[in-house]
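# Reading the structure
Take a look at the letters that make up each chain.
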Amino acid sequence: MKDKVNIALVGNPNAGKSSLFNLITGSKQKVGNWPGVTVDKKTGSFSHQGQSYEVVDLPGIYTLMLPPEEGALDAQIAREYLLAHQSDIIVNIVDGAHLARHLYLTMQLLSLGVKVVLVVNMIDVAKKNGVVIDYDALSRQTGVVVVPMNARVGKGKAAFLESLAQAHASDVLRNAYPDALQQGINTIAEFIAPESYETPEAKWRAGWLLETGFSEDEAQKVQIQKVQDHVAELCGTEANLAMANARFGLLNQCIEQAVENKKTFAKRISDRIDAVCL
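Read on for a plain summary of the structure. (Residues numbered from 1 in each chain as written. Predicted model: local features only at pLDDT ≥ 70, side-chain atom pairs only at ≥ 80, totals over all residues. Heavy atoms only, no water.)

## Comments concerning the side chain of N121
Among the secondary structure elements, N121 is positioned in strand β6 (residues 116-121). For N121, a relative accessible area of 4% puts it in the buried group. Contacts of N121, omitting those with residues within four sequence positions, involve A15, G16, I93, V94, D95, G96, M149, N150 and A151. (Helix = DSSP H or I, 4+ residues; strand = E, 2+ residues; numbered from the N terminus. Buried < 20%, exposed > 50% of the residue type's maximum accessible area, 1.4 Å probe, protein only. Contact = heavy atoms within 4.5 Å.)

The following block contains the structure:
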């Protein structure tokens, strides 16, 4: 048993991260500042069945797919922590009433090669809005443990704690991209970070380079272009389109298979994602 399991809570703003953080840490929490900035840093601890956990409540974030130095300060802090600290488990909190919008970030987290627990929060609001979610189907589609919760009132806490133990014990990691794209990401990761190509940061940067082709290093640009061309040949479309199609394809599968009123979701999914990205 590991001395302490490190957990990062991540999700869109207003997904209910703070409610979950307060629920599991109680009075065992600290509030400070992230280094060099005035943004609050909330950390805490708790134990379950003899296992100790350390948890950090990251600032809300909509997407990881921004240039390395761009985005709001809160988003930069969350992204840098996720990429650099290699948490044992990422707990991704999503709003069950607005599942399509929130799963856009989930698709990106799955590409980091880390253990993820997906918490579908605000299930009371989702039910009130007529949204019925098949959590087993959502788990099958994403390949991760899915826990329905209403964190504000503590509903689902026991199942959530059990999911942490399950995720920690598992060696199975979900790959969000098809083999051709993952091979391209791995190739780029190996030449931009030969000593650390399997880390979340290397994988994220490699994915971003494969999708955008942007690099200030001319020699690196040439190598990236070769990988992009090879991926395009295998996928039958440009690498940037293949990457986006893979994420949105998985997202659509999740909605189609796991949400009973899928016609309503399918009709508005593009508008919701555009609202996040534009």
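## Some thoughts on the pattern of salt bridges
Under the defined criterion, the tally for this structure stands at six salt bridges. As a salt-bridge pair, E54 and K4 come within 3.0 Å of each other at their nearest N and O atoms. Of the two residues, E54 is situated in strand β4 (residues 51-57) and K4 in strand β1 (residues 4-11); the sequence distance between them amounts to 50 residues. Residues K42 and D57 are paired through a salt bridge, measuring 3.8 Å at the closest nitrogen-oxygen approach. Of this pair, K42 sits in strand β3 (residues 40-48) while D57 sits in strand β4; the two residues are 15 residues apart in sequence, bridging distant segments of the chain. Here D57 falls in the buried class, since its relative accessible area comes to 5%. Residues joined by salt bridges that share partners form a network here, namely K17, K42 and D57. (Salt bridge = Lys/Arg side-chain N within 4 Å of Asp/Glu carboxyl O.)

## Focus on the nonpolar core
Residues L58, L103, L138 and L210 are the most contacted members of the largest nonpolar core, which totals 65 residues. No other element matches helix α10 (residues 239-258), which puts nine residues into this core. Apart from residues lying up to four places away in sequence, L58 is in contact with A8, L9, V10, K17, W34, A78, Y81 and L82. In this structure, I7, F21, I89 and I93 belong to the second largest nonpolar core, which totals 23 residues. (Core = buried A, V, L, I, M, F, W, Y, C linked by side-chain atoms within 4.5 Å.)

## Points about the packing of aromatic side chains
Scanning the model with the defined rule gives four aromatic pairs in all. For the ring pair F46 and Y53, a centre distance of 4.9 Å and an interplane angle of 10° mean the geometry is stacked. For F46, a relative accessible area of 8% translates into the label buried. For the cation-ring pair, K41 lies above W34, with the distance from its terminal atom to the ring centre recorded as 4.8 Å. (Phe/Tyr/Trp six-rings, centres within 6.5 Å; stacked < 30°, edge-to-face > 60°. Lys NZ or Arg CZ within 6 Å of the ring centre and 35° of its normal.)

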